Amino acid sequence: MDTLSQFKDELEAEYQTTRKFFEVYPEGKNDFAPHEKSMKMMPLATHISEIFGWPDVMLKTSDLDFAKGDFQPKHLSTKEDLLQTLDENFKSAEKALDKAKEEDLNETWALKNNGQEIAKWTKYGSIRHSLNQITHHRAQLGVYYRLNDIPLPGSYGPSADHQSF
């Protein structure tokens, strides 16, 4: 089985769908959140754009330790910045998947905080998890859009606002 090419195809499909969502990102709504415990809209969208870069990080490292400052979320403020970050991270992940070998997916990768493992998967599992995170958080963003009367692009088929595939 050619898992890497399947990951590339899935990443491409998620990228195209996410790009449609970001192209209609509403300027002036960065601080919208449907609940006090919810992320604000721009940090949520930024997070989605950054997840696209995770396969690159996961294939090049064995872990990510938050306490060591290995990852610092970006602070974006415009739709243009959002689209640029998405494009850059997608391209880096695509290149990493191009360079990887199937056996690389069997190695482990972990999330840590100050050396303590929070989660651990094979690199296959970690990339699968990141693709699931894209879908999950984009669905959240869709709820934010709906609450602000922003027409939703289709994801895996038509939406109530856009009937074409």
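Residues numbered from 1 in each chain as written. Predicted model: local features only at pLDDT ≥ 70, side-chain atom pairs only at ≥ 80, totals over all residues. Heavy atoms only, no water.

**Q** I'm lost on the packing of helix α2 (residues 41-51) against helix α4 (residues 79-99) in this one. Help?
**A** A packed helix pair is summarised by two numbers, namely the angle formed by the two axes and the spacing between the axes. Closest axis-to-axis distance for the α2/α4 pair is 8 Å, and the angle between their directions is 20°. Taken together, α2 and α4 sit at an angle that is classed as roughly parallel. The residues of α4 that touch α2, namely those facing M42, A45, T46, S49 and E50, are K79, L82, T85, L86 and N89. Residue composition of the contact of α2 with α4, grouped by class: four nonpolar, four polar and two charged. (Axes fitted to C-alpha atoms, helices over the stretch in contact; angles between N-to-C directions. Helix = DSSP H or I, 4+ residues; strand = E, 2+ residues; numbered from the N terminus. Parallel < 35°, antiparallel > 145°, perpendicular 65-115°, else oblique. Contact = heavy atoms within 4.5 Å. Nonpolar A, V, L, I, M, F, W, Y, C, P; charged D, E, K, R; others polar.)

**Q** I keep staring at the sheet that holds strand β1 (residues 63-65) and nothing clicks. Help me out?
**A** Strands pair in a sheet through their backbones, by hydrogen bonds, and they do so in one of two ways: parallel or antiparallel. Strand order in this open sheet of three strands is β1-β2-β3, and the pairing throughout is mixed. Where the open sheet ends on each side, the last strands, each with one partner, are β1 and β3 (116-122). Between one strand axis and the next, the sheet turns by 10° as a mean value, whatever way the strands run. The pairing of β1 with strand β2 (residues 108-113) spans three bridges and is classified as parallel. Within β2, the residue paired with L64 across the bridge is L111. (Pairing = 2+ DSSP bridges.)

**Q** Explain the pattern of salt bridges here, please?
**A** In a structure, side chains of opposite charge can pair up when their charged atoms sit close to one another. Enumeration according to the criterion identifies ten salt bridges in this entry. A salt bridge links E14 to R138, with the shortest nitrogen-to-oxygen separation between them at 2.8 Å. Residue E14 is found in helix α1 (residues 3-23), and its partner R138 is found in helix α5 (residues 123-147); the two are separated by 124 residues along the sequence. Taking the relative accessible area as the measure of exposure, E14 reaches 5% and is therefore buried. Shared partners join several salt bridges into a network, and the residues in it are R19, E23 and D87. (Salt bridge = Lys/Arg side-chain N within 4 Å of Asp/Glu carboxyl O. Buried < 20%, exposed > 50% of the residue type's maximum accessible area, 1.4 Å probe, protein only.)

**Q** Hey, could you run me through unusual backbone geometry in this one?
**A** At N114, a residue that is not glycine, the phi angle is positive and equals roughly 55°. Looking at the element boundaries, N114 is found in the loop between β2 and β3. One non-glycine residue, D149, adopts positive backbone phi at about 55°. Mapped onto the elements, D149 comes out in the segment after α5.

**Q** Would you mind showing me how to read the side chain of E50 here?
**A** Take E50: it is sitting in helix α2. A polar contact is formed between the side chain of E50 and the backbone nitrogen of K74, at a distance of 2.8 Å. Residue contacts for E50: discarding those within four places in its chain leaves F71, Q72, P73, K74 and N89. (Polar contact = N/O pair within 3.5 Å; in protein donor to acceptor, adjacent residues only side chain to side chain.)

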